[in-house]
Amino acid sequence: MEPLRAVKGMNDLLPAEAGRFQAVEAAMRRAFGLAGYGEVRTPVVEEAALFSRSIGEETDVVGKEMYVFPDRHGKSLALRPEGTAGAVRAYVEHGVGGQDPLVRWWYAGPMFRHERPQKGRYRQFHQLGAELFGAAAPEADAELVGLVHELLQRLGLRDVVLQLNSIGDDACRPVYTRSLQEYLRAHAAELCEDCRRRTEKNPLRTLDCKVPGCRAVLAGAPSVQASLCEACRGHFEAVCGHLSALGVPFETNDRLVRGLDYYTRTTFEFLAKGELGSQNTVAAGGRYDKLVEQLGGGAVPAVGFAAGIERLVLALGPPADAAPGPELFVVPLGEPAKRAALGIAQAARRTGLATEIDVRGGSVKSQLRRADRAGAAFVVVLGDQELASGRVKLKQMGTRGKGRPGDEAEVALSELSSSVRAALG
RNA sequence: GUGGAUGUAGCUCAAAGGUAGAGCACCGGACUGUGGCUCCGGGUGUUGUGGGUUCGAAUCCCAUCUUCCACCCCA
């Protein structure tokens, strides 16, 4: 019988790694919670139309990477490929912006894209992100980007570069797109096949093509930043100004366009050097002033971002600390002791002591060896003598405690927990 | 989705057509109620999977899966 395996590109997170995920999420909760962001949890499954309408039918994410399937009634559902669409849907559905459109949310959870897996890229991956609804002002962009920076700082992530761009709004983007398109058509012969296709479908995407010939052509292409309308230029400059004032280092990148159609004005990306190979974008986002309206809500401007938890964990490098072992390890000997031991361990836990019990039993020797390997700070051996006298010996195993390894102290069984706590210092 | 690598014990890796091994880890014992150090003992395995060639396959061939790299794209 061939054993079943996890689906390609979908990974188990064993406790050690789950702990690293938790640490990243805790930093998120802290950094954004302090700024007034509340957690939102939306379903992993949505109607497929939500994503095709928001992210864009023509994008790779929707067009070739989305997990789509009919439910039992034939309705087309999808596993979410990103978090913003669902958050916006929830914002609209619950009318949370009814009284005051300004709402701050963060989220964390699994996302799904059917891509070829690689390091830092998986079919089920995890993102955390935030959305700031209801503010068109550049201060909103700066708050959000500043908080992402803060998050990365809290995580201790060095060697991260923030790139910033503005891709304009309804007023100036179409104008820019047209002039770019004209330019591209004029140089069609020098472009790669993909870029010739992009010229008609999504000209902005040619900007980050990596083919040398295309790069050469694009070097002479009109610049987005130079074609921004007055309002967009002012917004962009204000965002840059705020970030400088915040002490958030960044560089502008005229070529930074994102793969999702809903962005307007600000787009940004945090790139990490090191462990990540070519999947080095660790967080990214931008402003989406039309999306809420597009999904049936009011004219509510918004900014958001998402970060890949796997990529953050990879970028952080090898884990620093192994989980500490239990504070108390209970070693029962003989049947009467086994009957009493579970209750004694539970009583210790109720006082807040991390307490493990050797449920396999065996000789004192083997149980002590297990206690040692579990990294226990103290061990209590429970045999007939101890149960009869109500006195137990508390043994210090490692260096976690006030005494030396091997020290034993006789204490009353009824005061086991307080004795351990006192001995831990 | 395209191209290229990869897979042997829990981990890191040997074994280049002739009975699958080492180190670490793990389990047990010496010490029958006291861990670590030492010594002794134990290989814990469907060589990713399925076929094929061969007297004989971890090794050669085909297929498939996984992971990894580059591309595409993205967090």
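Residues numbered from 1 in each chain as written. Chains lettered and ligands numbered in written order. Predicted model: local features only at pLDDT ≥ 70, side-chain atom pairs only at ≥ 80, totals over all residues. Heavy atoms only, no water.

1. Describing the protein's contact with RNA strand B
Around RNA strand B, 52 residues are found, and the nearest of them are Arg198, Arg258, Gly259, Thr281 and Arg373. Between RNA strand B and the protein, one listed contact pairs a sugar or linking oxygen with a side-chain N or O atom of aspartate 60 at 3.4 Å. Within the side chain of glutamine 118, a nitrogen or oxygen atom sits 3.0 Å from a phosphate oxygen of RNA strand B. Elements supplying a minimum of two residues to the surface near RNA strand B: β6 (124-133), β10 (281-287), β11 (302-308), α13 (364-373), α14 (384-389) and β15 (391-396). Among the elements that take part in the surface near RNA strand B, α13 stands out by supplying eight residues, more than any other. Looking at side-chain class alone, the surface near RNA strand B contains 14 nonpolar, 13 polar and 25 charged residues. (Near = heavy atom within 4 Å. Polar contact = N/O pair within 3.5 Å; in protein donor to acceptor, adjacent residues only side chain to side chain. Helix = DSSP H or I, 4+ residues; strand = E, 2+ residues; numbered from the N terminus. Nonpolar A, V, L, I, M, F, W, Y, C, P; charged D, E, K, R; others polar.)

2. Section: the environment of leucine 312
Tracing the backbone through its elements, the reader meets leucine 312 in helix α11 (residues 309-315). Judged by relative accessible area, which is 0%, leucine 312 ranks as buried. Sequence-wise, leucine 312 and leucine 152 are 160 residues apart; in three dimensions their C-alpha atoms are separated by 8.6 Å. Those residues within four positions of leucine 312 in sequence are excluded, and the remaining contacts are Val24, Leu152, Leu155, Leu157, Val282 and Ala307. (Buried < 20%, exposed > 50% of the residue type's maximum accessible area, 1.4 Å probe, protein only. Contact = heavy atoms within 4.5 Å.)

3. Observations concerning the sheet that holds strand β14 (residues 378-382)
The strand order across the open sheet formed by five strands is β13-β12-β14-β15-β16, and the pairing between neighbours is mixed. Looking along the sheet, the strands with just one partner apiece sit at the ends: β13 (355-357) and β16 (408-412). The average angle at which neighbouring strand axes cross in this sheet is 25°, direction not considered. Each of β12 (328-332), β13 and β14 touches helix α12 (residues 335-350); the most contacted strand, β13, lies at about 165° to it. (Pairing = 2+ DSSP bridges. Axes fitted to C-alpha atoms, helices over the stretch in contact; angles between N-to-C directions.)

4. As for unusual backbone geometry
Of note, the phi angle at aspartate 159 is positive, near 60°, even though the residue is not glycine. When its relative accessible area of 55% is taken as the criterion, aspartate 159 is described as exposed. Backbone geometry places arginine 265, a non-glycine residue, at a positive phi of 55°. Among the secondary structure elements, arginine 265 is positioned in strand β9 (residues 264-272).

5. Let's talk about the pairing of strand β5 (residues 103-112)
The element β5 is extensively covered by neighbouring structure, given that seven of its 10 residues are classed as buried. Where strand β1 (residues 38-39) meets β5, two bridges bridge the pair, whose relative direction is parallel. Residue pairing for β5: glutamate 39 is matched across the bridge by tryptophan 106. Here β5 pairs with β6 via 10 bridges, running antiparallel. Within the sheet, the bridge partner assigned to tryptophan 106 lies in β6 and is alanine 130.

6. Things to note about the pattern of salt bridges
Under the criterion given, the structure shown has 17 salt bridges. The partner of glutamate 335 in a salt bridge is lysine 338, and the shortest N-O contact between them spans 3.8 Å. Within this pair, glutamate 335 and its partner lysine 338 are both found in helix α12, separated by three residues, close to a single helical turn. Classification of lysine 338 by relative accessible area gives partly exposed; the value is 39%. Two residues, arginine 370 and aspartate 358, come together in a salt bridge whose shortest N-O distance is 3.0 Å. Residue arginine 370 is located in helix α13, and its partner aspartate 358 is located in the loop between β13 and α13; the two are separated by 12 residues in the primary sequence. (Salt bridge = Lys/Arg side-chain N within 4 Å of Asp/Glu carboxyl O.)

7. Here we look at the side chain of threonine 281
With respect to the element layout, threonine 281 can be found in strand β10. Among the polar contacts listed, one links the side chain of threonine 281 to the side chain of glutamate 269, at a separation of 3.4 Å. In this view, threonine 281 contacts Glu269, Phe270, Leu271 and Arg311; residues no more than four positions away in its chain are not counted.

8. Comments concerning the confidence of the model for chain A
In this model, chain A carries a mean pLDDT of 91, and residues with pLDDT of at least 70 account for 99%. Across the whole predicted complex the pTM is 0.91, and at the interface the ipTM reaches 0.87. (pLDDT = per-residue confidence, 0-100.)

9. Some words on the nonpolar core
With 48 residues, the main nonpolar core has Phe51, Trp105, Phe133, Leu180, Leu207 and Leu218 as its most contacted residues. With five residues, the top contributor of residues to this core is helix α4 (residues 84-93). For leucine 180, the contacting residues outside a window of four places in its chain are Pro203, Leu204, Thr206, Leu207, Leu218, Ala221 and Pro222. (Core = buried A, V, L, I, M, F, W, Y, C linked by side-chain atoms within 4.5 Å.)

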